[in-house]
Amino acid sequence: MGSELNLESAESSWTGGWFSWTRQSDVMLRNVEKKILSCLKTAYKRFYVDIGSVVGQSDKIWTISLNDESPKTPLVLLHGMGAGLALWCPNLDAFAATRPVYAIDLLGFGRSSRPKFACDAMKAEAQWVESVEEWRREVNLAQFILLGHSLGGYIATAYAIKYPERVRHLVLADPWGFTERPANAYEKAQLPLWVRAVATAVQPLNPLWAVRAAGPAGRWLVSKTRPDISRKYNGYVPDADTVIPEYIYQCNSQTPSGESAFHTLMTGFGWAKNPMMRRLDQLDPALPITVLYGSRSWVDNSSGQVILEHRGHTNTYVQVINGAGHHVYLDKPDLFNKFVLEACSRADMRDPRDARAILPAPPSTAQATPSSQAPPSTHAAIEQAPPSEPSAPAQSTPPS
Amino acid sequence: MNLSFAGCGFLGIYHVGVAVCFKKYAPHLLLGKISGASFGALSACCLLCDLPIGEITTDVLRVVSEARAGSLGPFSPSFNIQNVLLEGMQKYLPHDVHKIVSGKLHISLTRVYDGKNVIVSEFPTREDLLQALLASCFVPVFSGLLPPRFHGIRYMDGGFSDNLPVLDENTITVSPFCGESDICPRDLSSQLFHVNLANTSIELSKQNMNRFARILFPPKPEVLSNMCKQGFDDALRFLHRNNMISCTRCLAVQSTFQLQDVLDDTTYEYDPDCEECKTHRQDALVDDLPDTVMTIFQNAIDSANNGIVNWVMRQRAMRYLTLLTLPYRVPIDIMYATFTNCVADRVETHAVQYKVAANILVRKKRCIRHNNYMTRFVTCTPKMSKSLWKLSLNTLQQLHGFMYATHDRSEAAARIYYKLTMGDGKMDANDGRQLDRRRASEFRITYGDMRTTHDDVDTFEHILNVTSHNEALLAYYYLDGENKMKMTEIYDVTDADTDAVQSPMERDVNKQLEFDNDWSGELIADDDDFDMEAMDDDALADRNIFSDPESEWNARRSMSHSDSDGDQPESDRRGPYIELA
């Protein structure tokens, strides 16, 4: 652990690495990520957190932390499907101004390890939740504010169901997987044969199969199909038009293990097998939740109303951000940051569950249990990146 | 608040539904700029001109039925989309449409030679506007081989570079594809992925795949009707969610306040106490497409389904038969189309020759009119029947003009005199250019020059002059049926021929004004209801029974030249009042 490169993933293709169709390279991904993060004004650390064998043999989660000296409740960010932690760059500075901020690449995405997840939807979901929990234990956080976007929102909710005592406040940004799949027998009858044929052919494939199939043209494909994303980073990242597609492409051209797991979670065309709507009552009723939707988003924002009705207005806040699409944090970063910070300050004010003393054990003991791990501040190869000198000699740090 | 319509070919019927809803519930949103590409630009133009939705729907359905009729659907050689569109535009767009939409309508075009996006918003003449709209609807191969020119440069469909031109932050985007637009269908799918093609976000879903095929292959009238309804519902939902529906009175109050402060947040506060607003909003919730539009759709559906022929065609065996005979029908279709094109071309050349001859004989002001005809564009292949019709119409006009000329020698003399005073051989140049009707741009220059040289008594600046120097006898303001503020001032101009109007100094001032290019577009565009008809005298109206509105306008102008030649202001004879409405 602790090396800047995730060496395991570089092993073994059947051509022995001589030929790579997808042009995937860890070095490239690292450099591109560094380039994107160079726009941050707050000093940050990046490191692998070894979470042991949760899904694979030894899984590592790539983490960035900002302002981790601050005593306030930390904020943990979970990205969406096919994204990576660097895409939070319009928001990290604003969040880190008041509190510690951690953003991770979910297991199976970005620069984290890519183990093979279970083929059962509930098991895959539990594996993801466990990986986040293990990560929390390694990083030694007692309680945090959990923010998830899209798929990250789904995992965050699942995490909050399982470990409610760890979550001070749950922030969901355009979360995926809440609504039930509607019975669409009627709709099927209307569509012509060829549409149904194409849909059936595509169904078993992973969502981003085209990016990998395109091979050398993958980056071009990303930049052509989603020019809007790179355009929105233009104000933040220098030459976003090339850097962002490269980053997204590099994140998704590796073994698609997170993607497969996501594919296991869903049924039909993008619906969740076990939608969160069914499990809303398993959420701690006292846990405060903030849901942020983009007004243009395709994620059905009526689910916000359902959550609101289900849980009552006392500790649920639903906010629709006008003019924003699915990537709320990116489309209207200022408004989004404002709403998240408001949620954070609500979380700071009081924990409604304090009175009930729900915490089973002090966090220090909880953290001491996982055997021989060194404390987090030393166990990770820490890359100090002051804004003036972003290219800190990270590799030179000896792996522990 | 601006609007933006996505280009979408035959899916454009969705925009019609949206337009109906906006007209009914949020007319204040139509006051800003409207942008669009392809069919979106057409709908934007229709909205800005406030054309009756029923007629537009009929026209769209007509185009669709023509497109579905050919052997290869819209790809049949006998179906020429550019022609069909042009016909529709010539028919429905008002003659001063370029003044209405200049500065408001933003058309997205793709420059052919470098593929860059160009947004056009100024249209000096009506032809310019039509040309830009046609260029914006030009899909290579589908519409023709050579893209049309606009101001000398070839352009094609704006959908290739920017399908949903967004002018600023507060733009409401309308797109018939489910995706991340403000007004778009919300499919019953929670698909996680969407692509962004030419600035239009399109979700990767089955329904959108189906819609994509409909861009060039129009569906049945039933499907179109559903699409239109969907547009109406989606727009209504958007308005409702953003609290944009309120009663007309509250709307008026809002718009007065919006003039002053900048709109940065798009949420509208509506007055919860206003009962009228409440009922209005509740009505809107259960509302559906208006009956006028629905009946049109119903008629189209009926005509496509009823009748013995349609019944026979619907049978399965018949469908297979049509499919099997396709290889035989296509060559016949191609031959037929080639033949008609050839013949029509021949007829048209003859028509031109005939017109030239007639003009030499009669030597009338009609020269101007014919120059202005400009119906053929580079890419359009004409249809025989239409050319024949025009030819016969022209014959009639010529006869009429000839008859009239024999009647009225004195007037002709005055006109010739006027030509001489105008000098510079401009008229001759015009005559010569008669043959060269395709070089429209050059012609336009001459046309413009003529216009400024004449010190026309009927022009806008004259009226402006009168109104600024004289006190109005009577002025009143009122709200008309569509809640537009109208102002009417009545002036006494019986003594308008005195120095107040005609002093040399003021003429100079006027001339300076005229050569300033900026003024005319803006000032005239503001004054939508500048009523030419009211100032017309009967003799003129009588004489132009065959002409289309625009040429009538020309004729009237040339008429007034001859009048002013006698140094007698027309205002004197026309009656003592100018009405500015």
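Positions within a chain are numbered from 1, following the residues in the order the chain's sequence is written. The order in which chains are written sets their letters, starting at A; the order in which ligands are written sets their numbers, starting at 1. Restriction of local features to residues with pLDDT of at least 70 applies here, the model being predicted, together with a cutoff of 80 or more for giving and counting side-chain atom pairs; totals for whole chains, interfaces and linings are based on all residues.

Asks: Please explain the overall build of chain A as it appears in this structure.
Replies: Helix numbering and strand numbering both begin at the N terminus, where a helix is a DSSP run of H or I of at least 4 residues and a strand a DSSP run of E of at least 2. A count of helical and extended segments in chain A gives 16 helices and 11 strands. Per-residue burial for chain A yields a buried fraction of 47% across its 400 residues. Within chain A, contacts between residues separated by at least 24 positions form 75% of all contacts whose residues are at least 6 apart in sequence. Three exposure classes are used. Buried residues have 20 or more other C-beta atoms within 10 Å of their own C-beta, exposed residues have 12 or fewer, and partly exposed residues fall in between, all C-beta atoms being placed from the backbone. Remark: residues whose backbone-derived C-beta atoms lie within 7 Å of one another are considered to be in contact.

Asks: Looking at this model, I keep getting lost on the environment of N305(B). Mind explaining?
Replies: Residues and elements named next belong to chain B. Considering the arrangement of structural elements, one finds N305 in helix α11 (residues 291-305). We classify N305 as partly exposed; it has 13 C-beta atoms within 10 Å. A sequence separation of 83 residues divides N305 from E222, and the C-alpha atoms of the two residues are 10.0 Å apart.

Asks: In this structure, what is going on with the packing of helix α6 (residues 193-202) of chain A against helix α7 (residues 206-214) of chain B? I would like to understand it.
Replies: What describes two packed helices is the angle between their axes and the distance between those same axes. The contact between α6(A) and α7(B) brings their axes to 10 Å, and the two run at 135°. As far as their axial angle goes, α7(B) and α6(A) are oblique. You can see that α6(A) and α7(B) cross each other, and the crossing is right-handed. Across the interface between the two elements, V195(A), V198(A) and A199(A) from α6(A) touch K206(B), M209(B) and N210(B) from α7(B). Under this grouping Gly is polar, as are all residues other than the nonpolar Ala, Val, Leu, Ile, Met, Phe, Trp, Tyr, Cys and Pro and the charged Asp, Glu, Lys and Arg. Per-class residue counts for the contact of α6(A) with α7(B) are 4 nonpolar, 1 polar and 1 charged. Between the N-to-C directions of two axes lies an angle of 0 to 180 degrees, each axis being a line fitted to C-alpha atoms and, for a helix, fitted only over the stretch in contact. Every angle not falling under 35 degrees, over 145, or within 65 to 115 is termed oblique; those three ranges are roughly parallel, roughly antiparallel and roughly perpendicular. Throughout, a crossing is termed right-handed when the near helix is turned clockwise from the far one, and left-handed when it is turned anticlockwise from it by less than a right angle.

Asks: I'm lost on the nonpolar core in this one. Help?
Replies: The nonpolar side chains of a soluble globular protein tend to be buried, and buried together. By size, the foremost hydrophobic cluster in this structure holds 100 residues, and its most contacted members are L146(A), L147(A) and I155(A). Every residue in contact with I155(A), bar those within four places of it in the chain, is listed here: L78(A), L106(A), W128(A), V129(A), V132(A) and G148(A). Note on definitions: a nonpolar core is a set of buried residues drawn from Ala, Val, Leu, Ile, Met, Phe, Trp, Tyr and Cys, linked by C-beta atoms within 7 Å. Counting 82 residues, the second largest nonpolar core, distinct from the first, contains A37(B), V63(B), V174(B) and V293(B).

Asks: Teacher, can you tell me more about helix α14 (residues 333-349) of chain A here?
Replies: Because each turn of an α-helix spans 3.6 residues, side chains separated by three or four positions in sequence point in the same direction. All names here are of chain A. One less than the residue count of a helix, multiplied by 1.5 Å, gives the span that helix is expected to have. In this model, α14 (17 residues) spans 24 Å end to end at C-alpha, consistent with the 24 Å of a helix rising 1.5 Å per residue. Listing the buried residues of α14 in full gives P333, F336, F339, V340, A343, C344 and A347. One side of α14 carries all its buried residues, which in axial view fall inside an arc of 140°. Among the exposed residues of α14, those pointing more than 90 degrees away from its buried face are D334 and M349. Directions from the helix axis toward the C-beta atoms define the arc.

Asks: Just to check I follow, could you spell out the UniProt feature "short sequence motif: GXGXXG" (unreviewed entry) in chain B for this structure?
Replies: UniProt positions are given in the numbering used here, feature names are shortened, and annotations may be inferred rather than shown by experiment. UniProt's feature table lists "short sequence motif: GXGXXG" (unreviewed entry) at residues 7-12 of chain B, given in the numbering used throughout. Along residues 7-12 of chain B the backbone is 0% helical and 0% strand, and the end-to-end C-alpha distance reaches 7 Å.

Asks: Quick question: what am I supposed to make of the environment of A37(B) here?
Replies: All names here are of chain B. With respect to the helices and strands, the residue A37 is situated in strand β2 (residues 34-37). In this structure A37 comes out as buried when scored by C-beta crowding, with 34 C-beta atoms within 10 Å. Contacts of A37, omitting those with residues within four sequence positions, involve A6, G7, S108, S136, D157, G158, G159, D162, N163 and P165.

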